[in-house]
Amino acid sequence: MGKGGQNYGRSENLDSDKEPKGDCYAAWSKDTRECEEKYQVSREYGLSGDDVEKRRQIYGLNELEKHEGPSIFRLILDQFNDTLVRILLVAAVVSFVLAWYDGEEGGEMEITAFVEPLVIFLILIVNAIVGVWQENNAEKALDALKEIQSEHATVIREGRKISNLPAKELVPGDIVELRVGDKVPADMRLLSLISSTLRVEQGSLTGESEAVSKTTKAVAEDVDIQGKKCMLFAGTTVVNGNCICLVTQTGMNTEIGKVHSQIHEAAQSEDDTPLKKKLNEFGEVLTAIIGVICTLVWLINVKYFLSWEFVDGWPRNFKFSFEKCTYYFEIAVALAVAAIPEGLPAVITTCLALGTRKMAAKNALVRRLPSVETLGCTTVICSDKTGTLTTNQMAVAKLVAMGSEANVLRSFNVQGTSYDPFDGKIQNWPVGQLDSNLQMIAKIAAICNDADVEKAGQDKSGHYVANGMPTEAALKVLVEKMGLPNELSSGPSSGYDGVLTCSYTWNKIEQRIATLEFDRDRKSMGVIVNSSAGKNSLLVKGAVETLLERSSFVQLRDGSITKLDQSLRKVILESLHEMSTSALRVLGFAYKDDLPEFATYNGDEDHPAHELLLNPANYSSIESNLVFVGLAGLRDPPRKEVPQAIEDCRTAGIRVMVITGDNKNTAEAICRDIGVFGRHENISSRSLTGKEFMELSSRDKETHLNQSGGLLFSRAEPRHKQDIVRLLKDSGEVVAMTGDGVNDAPALKLADIGIAMGIAGTEVAKEASDMVLADDNFSTIVAAVGEGRSIYNNMKAFIRYMISSNIGEVASIFLTAALGIPEGLIPVQLLWVNLVTDGPPATALGFNPPDKDIMKKPPRRSDDSLISPWILFRYLVIGSYVGIATVGIFIIWYTRSSFLGIDLSGDGHSLVTYSQLANWGQCQTWQNFTASPFTAGNQVITFDNPCDYFQTGKIKAMTLSLSVLVAIEMFNSLNALSEDGSLLSMPPWVNPWLLLAMSVSFGLHFLILYVPFLAQIFGIVPLSLNEWLLVLAVAFPVILIDEVLKFVGRCTSGIRTSSARRSSKTKAE
C-alpha cells in the first residue's frame, strides 16, 4: 500500500494549520496565485519530497475507500430475518425432535418422520443461498466507480517533470500537467492554459450535454458544480487543449468520492419491495392465526392428555399422558406446516424469472428479480434528460441561409436525431441545385471542422458514432444531408469508403493549410484553405454575435456580396434570438477571400505570414472584414418515441419528472417538445433548478413535489437527485429513477427501482441499477411497467390460490382436532401438497394473459392489501369447504358403505358409527369390537389389535382425504384464473400452461400413490375406480361454490370500490 497508506487517517496527530484541508477550501473562488500560496507551492517548482510525505500522512492515498460489506455469516443470518422463514424453522426443529423421540421406538414410520424436517431444512438452506448470492452482488457499483479513476498523471515535483506517476500517489498541492485525452486524476484548480483553449467532457458527473470550456478566472463561492469553470474533476476527460493544474482534493474528498459515499449510503437504506412488505405483513398475521388455532386445538383436546379430580372444590390427582401430549403437539406442528405456503418463495422466484425473460425480449434487462414486481406499482418516473429522453448525439435542427436580397433570410428545418447521415432530410431542400450561398455554408461546415463520423462495428448493424466535438460532428452530418451540387456529384470522392462522402469531396477541392484554433475570447475557429485554382481563403465558424462584429459584408443567394448594415444585422440577430429561445446552440459561418498576408502562404514555416499564426492574439485581426453567409441551430434532440411514451405514462397515471444537470432553457425546451409540459404552458411553478428547490422550506418542497403533472429540475447535482428521490419515497410514491452517468448512481441506488442505460450508461450507473435498458429507450420503461403490472396481477392470482389452499388445510386439521377423529393428514403429506402438487398450477398462473386495459388503469397504491376483506371472506368459505370435504370423506369411508350411489364396500373394510370414530381413543374399553382386514391395491391390511383400525387402519381414509385435497386444489386453480371473472367468460384454455400444470400435479399424485416405496414414505395406498369417483364427486363442488361467490363479487364490486376509496382517503387525511 505504500508508506503513506500505512498512516492513512492519522491527520489528528498533525497540526492541521500547516496544511489546508482539501475539502473545505473554495479554490474555485480564489485567484490562482492565492491558491498557490494557500497550498504552499509554486507552479514552476511543485512540491518537495518531504511536503508530499507529510501531506500523504494527512490525506492518505488518492483512491476511493473500500467499504467492507456485511460478512457472509451476517448475510446468512439476515436471510432468516423473515416471519415465514422463522415459523418454518421452528416447525422443522419441533418436527425433528418429535421424529427423534418417535424413532427410539423404531418401526416403519421412522423414515416418514424424518422426511418432513429434512425437506423444510432443505427449503431454508436453498432460500438462504439464493438470498446471499443476490445480496453479495449489490456492492459492485463501488468497484466500477474505481475503474473511472485515472491511473497515471504527469506531475511537477522539485522542479522536475515526472511522467506516469501512479495517480494514487497524488496529494493536495501537487502541480499536474494535463493533455488531450487525459483522464483527470483528482479534483484540480486550473492554474494556466498551455493551449489557447481547454475543454473537458464532464457530462457523466454533472449531466451537461456538451464538453465544457474551462478558464483560469475565479468564480463565485456559492456556484453549483456546473458553474465551477476553473475546476477540473476527477474521472472527467480532457477533449481539447492542455494545461497546468493544482490538485485541491484527492480520494474521498473529490466530487467522485462524494458520489462513492452517496452510493454506499443509498445502499444502506435500500427498502423492501412492496410485495415483500406485504408478504412480511401476511407472515405476521399468519403467525398470530397459527398461534390462536394451535392454542384452540390444545384447549379442545386437553382432556385427552391431562385429567384431574375435584376434591373440596380444588383440582387434585392430576393425570398426564406424555404420549397423548406429543400426539397433539404433532397436530399443532401439522397446523403450522399446513398454514405456511412453503412453495410460495419458489413460485414467486420462478414467476419473476419468467417475467425477466419477457422483459429481456423488450430490451429491459432486469438485474434484481424483485424489481420486476416493483415496476408494476411505479407512480413516478424520475428521468435524466441527456441520453435518456434525448439521443445524446448533437444534430442540426435548423439552417438559416441568406436570401436573394438584403434583409431576407431563408430558413430550413433539418430532420434527424442522430449522427446517421441518412436519418432524416432537410425540408424543402433544392436537391442537387445548391446556390452559391448554400455551397459556401456546406464548404465551411465541412472544412472548418476537426470531427469525423464512422459506423461502429464490423457489420451493418453498427450505429454511427462521432469522433471529436459533438457539435462539429453534427455539422459534418448536415453537409451530407445538404448533398453536393450536380456539377460535383461524380467528382473526386471516388475511392473513399467512409460515410462522409460530401465532406470528403469539399476537403479534396479546398486543401486546409493552416488552422486558427478556437479560443474563448474570440469564440470562433478559422482555417486557411487553398483552392484547386490556387487561391487562398479563410473559412470561419463560431458564435454568431462575435462573427457579426467582425463581419463587414454578407453573401447573398446568388453569391453576390453586399454590405452588412444595421437593418440586416438586426434581422440576423432576431433569427439568432428565435433559435436561442428554442434552446438551440447557434453557430454562424463566414469567409474571407482577401488575405494579403497569406496570398502566397502554403503552410511553410519559413513564410513570413507563419509568424502571425504562432501567436493566437493575432487571430481576431486575421478574422476581420469577414463575409457572413448563414447560421445553423444545433441541439441534443429528443428521441422520436419519447413523446408517445410520456403520453402512455399520463394515461397509466404515472407522473414523469425530469432531473438533469443541463441548463434550464435547454431542458425546458426539450420538456415542451416531448410533452412533459404543454407548448405554451406557464411552467414557472413546475421548473426549478436543483439549487432553487433545495432552498425551499420542507413544506414547500413537499407541496412542489405533490403537484399533478410533470416537473423539471435543471442544474441538478447528485445530492439534489438523491434528496428528490428520498422526499418522493417519504410521501409514499414508488419511484423509478433513470440515468446513465456517474452523477446518477446514488439516486439509482436509492430509488425503488434504478434504471440505467445499456449503450450510453457508465459501468457505475449499470452496477447501481436494478434494470438496464439495452436500447437506452425511455419507451422501453413504459413497456416494462406494463409487464410488471401483468406479472403482479398473476402473482396475486397464485398467492391467493396458494393461501386459499392453505386455509383449507388448516380448516381440515382444525376440524379433525375439534371432532376428535383420528388425524386425516400428516405433516409430510401437507408438505408434499404445498411444495410439489400446488407448485406447477401456481407457476402456470404466472402465464395468465395480461388485461387489455392494463396501462389505462392508475398504478396500485404500494400499501394496497394483497388480500382484500372480500377476497379473504371468499377464501374462508372455500377453505371451510376444503376442510369439510377432506374430513367428510374420511368419516364417510369409516361410517358408510356407499355415498351418492358410489359403492365403497368392495375392499371389505369394517364400518363403525360416528360416535365410535369420534371417541376412538377409548377403543380399549369397548367390548366385542372387531375390525376385518381390507384390501388396498395388492395389499391386505390386517390388525393384531382391533383398535389399530383407527391408527394403521386409517391409511385408506387418509389416502382419500389427501386425494380430495389435491383434486380440490386443482379445481381451485381454475377458479384463480380471474379474480371475479366466471370460468364461462374466461375458460381454462386461455392459459394452456395451467391445464398442463394440472396434468403434471395429478401425475405426481399418481406417482406417490402407485409406486410402493413412495406410498410407504407418505403413508398412503392405491385407490380403486369407485374411490376415485367419490374423490371427484366431493371435490368438484368447489368450482360451483366459487362461481356463486364470484357472481356476488361482480354484483357488489362498485360498492366495495367506493368504500375502499373512502377508507384510503381517510387514511391519507
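In this text, all values refer to a predicted model and were calculated from it rather than measured experimentally. Throughout, residues of each chain are indexed from 1 in the direction in which the sequence is written. For this predicted model, a pLDDT threshold of at least 70 governs which residues receive local features, and a threshold of 80 or more governs which side-chain atom pairs are given and counted, while totals over whole chains, interfaces and linings are taken from all residues. Hydrogen atoms and water are omitted, and side-chain values are computed over all heavy atoms in the structure.

UniProt positions are given in the numbering used here, feature names are shortened, and annotations may be inferred rather than shown by experiment. Taking the UniProt record as the reference, the feature "transmembrane region" (unreviewed entry) is found at residues 83–101, 113–133, 285–306, 326–354, 798–821, 872–894, 993–1011 and 1017–1040. Segment residues 993–1011 splits into 95% helix and 0% strand. End C-alpha atoms: 26 Å apart. Counting from the N terminus, the helices are the DSSP runs of H or I reaching at least four residues and the strands are the DSSP runs of E reaching at least two. The span residues 1017–1040 is 71% helical and 0% strand by assignment, and the distance between its end C-alpha atoms comes to 34 Å.

Buried residues are those whose accessible area, probed at 1.4 Å on protein chains only, stays under 20% of the maximum for their type, while exposed residues exceed 50% and partly exposed ones sit between those limits. The buried count for strand 4 (residues 187–193) comes to 5 of 7 residues, which makes it a mostly enclosed element. The pairing criterion for strands is at least two bridges between them, as found by DSSP. One ladder, built from 2 bridges, connects strand 4 with strand 7 (residues 231–232); its direction is antiparallel. Pairing of Met 188 across the sheet is with Leu 232, part of strand 7.

Time to look at the nonpolar core. For our purposes a nonpolar core is just a set of buried Ala, Val, Leu, Ile, Met, Phe, Trp, Tyr and Cys residues, chained together by side-chain atoms within 4.5 Å. Phe 778, Tyr 894 and Tyr 949 are the most contacted members of the largest nonpolar core, which has 139 residues in total. Top element by residues in this core is helix 29 (residues 778–819). It accounts for 16 residues. Each residue touching Tyr 894, except ones within four places of it in the same chain, is listed here: Ser 910, Leu 911, Val 912, Leu 917, Tyr 949, Phe 950, Gly 953, Lys 954 and Ala 957. Here, two residues are considered to be in contact whenever any of their heavy atoms come within 4.5 Å of each other.

So, about the packing of aromatic side chains. Here is the rule: rings of Phe, Tyr and Trp (six-membered ring for Trp) pair when centre to centre is within 6.5 Å. Planes less than 30 degrees apart are stacked, more than 60 are edge-to-face, and the remainder are tilted. The tally for this structure, following the rule as stated, stands at 22 aromatic pairs. Centroid distance Trp 926 to Phe 929: 5.4 Å. Interplanar angle 75°. Geometry classified as edge-to-face. On the basis of an interplanar angle of 70° and a centroid distance of 5.5 Å, the ring pair of Phe 943 and Tyr 949 is categorised as edge-to-face. Per residue, the accessibility class of Phe 943 equals that of Tyr 949, and both read buried. Here the aromatic cluster, defined as three or more aromatic residues joined through ring pairs, consists of Phe 890, Trp 893, Tyr 894, Trp 926, Phe 929, Phe 934, Phe 943, Tyr 949 and Phe 950. The criterion for a charge sitting over a ring is simple: Lys NZ or Arg CZ within 6 Å of the ring centre, and within 35 degrees of the ring normal. One cation-aromatic arrangement involves Arg 199 over Phe 518; the distance from NZ or CZ to the ring centre is 4.4 Å.

In this analysis, the expected span of each helix is defined as 1.5 Å times one less than the number of residues it contains. Over its 19 residues, helix 35 (residues 992–1010) extends 27 Å from the first C-alpha to the last, a length consistent with the 27 Å expected when each residue adds 1.5 Å. When we look at burial in helix 35, the residues that qualify are Leu 994, Ala 997, Met 998, Ser 1001, Phe 1002, His 1005, Ile 1008 and Leu 1009. Seen end-on, helix 35 carries its buried residues on one side only, within an arc spanning 135°. For helix 35, the secondary structure elements touched by its buried residues are helix 30 (827–837), helix 31 (839–844), helix 34 (955–975), helix 36 (1012–1018) and helix 37 (1025–1035). Throughout, the arc means that of the directions going from the helix axis to the C-beta atoms.

The criterion for a disulfide is a pair of cysteine sulfur atoms lying within 2.5 Å. Considering all chains together, one arrives at 1 disulfide under this definition. The side chain of Cys 923 participates in a disulfide bridge whose partner is Cys 947; the two sulfur atoms lie 1.9 Å from each other. Between Cys 923 and Cys 947 the sulfur-sulfur dihedral comes to about -90°; the bridge is accordingly left-handed. Here Cys 923 is found in the loop between helix 33 (914–918) and strand 33 (934–936), whereas its partner Cys 947 is found in the loop between strand 34 (939–941) and helix 34, with 24 residues between them in sequence. For Cys 923, a relative accessible area of 3% gives the class buried. Residue class for Cys 947 comes out buried when judged on its relative accessible area of 13%.

What follows deals with the environment of Thr 505. Note that Thr 505 resides in helix 17 (residues 501–509). In the structure, Thr 505 is positioned 17 residues away from Leu 488 in sequence and 8.0 Å away in space, judged by C-alpha atoms.

Let us now look at the packing of helix 22 (residues 642–651) against helix 29. Angles run from 0 to 180 degrees between N-to-C directions of axes, and those axes are lines fitted to C-alpha atoms, restricted for helices to the stretch in contact. Taken N-terminus to C-terminus, the directions of helix 22 and helix 29 make an angle of 30°; their axes are 8 Å apart at the nearest point. The pairing of helix 22 with helix 29 is recorded here as roughly parallel in orientation. Considering only the axes of helix 22 and helix 29, their crossing is left-handed. Contacts from Val 642, Ala 645, Ile 646, Asp 648 and Cys 649 in helix 22 reach Phe 778, Ser 779 and Val 782 in helix 29. Split by residue class, the contact of helix 22 with helix 29 holds 6 nonpolar, 1 polar and 1 charged. The cut-offs work like this: below 35 degrees is roughly parallel, past 145 is roughly antiparallel, 65 to 115 is roughly perpendicular, and the gaps in between are oblique. Definitions for this section: a left-handed crossing has its near helix turned counterclockwise from the far helix by less than a right angle. A right-handed crossing has that turn clockwise. Three classes are used, and their members are as follows: Ala, Val, Leu, Ile, Met, Phe, Trp, Tyr, Cys and Pro are nonpolar, Asp, Glu, Lys and Arg are charged, and the others, Gly among them, are polar.

Its place among the elements puts Asp 384 in the loop between strand 13 (380–383) and helix 14 (385–389). Taking relative accessible area as the criterion, Asp 384 reaches 2% and is therefore assigned buried. Setting aside anything within four residues of it in sequence, one finds Asp 384 in contact with Leu 389, Ile 659, Thr 660, Lys 721, Thr 738, Gly 739, Asp 740 and Asp 744.

Once that is clear, we can look at the pattern of salt bridges. Oppositely charged side chains may form a pair once their charged atoms are brought near each other. Salt bridges are identified by distance alone: a Lys or Arg side-chain nitrogen within 4 Å of an Asp or Glu carboxyl oxygen. Inspection of the entire model under this criterion finds 29 salt bridges. A salt bridge links Arg 650 to Glu 647; the nearest nitrogen and oxygen atoms lie 3.1 Å apart. With Arg 650 and Glu 647 both in helix 22 and 3 residues apart, this pair spans about one turn of that helix. Looking at Glu 647, the relative accessible area reads 38%, which means it is partly exposed. Among the ionic pairs, Lys 664 bridges to Glu 692, the shortest N-O distance being 3.6 Å. Residue Lys 664 is found in helix 23 (residues 664–674), and its partner Glu 692 is found in helix 24 (residues 690–694); the two are separated by 28 residues along the sequence. Under the relative-accessibility criterion, Glu 692 is labelled partly exposed at 33%. Salt bridges sharing common partners tie together Arg 33, Glu 36 and Arg 43.

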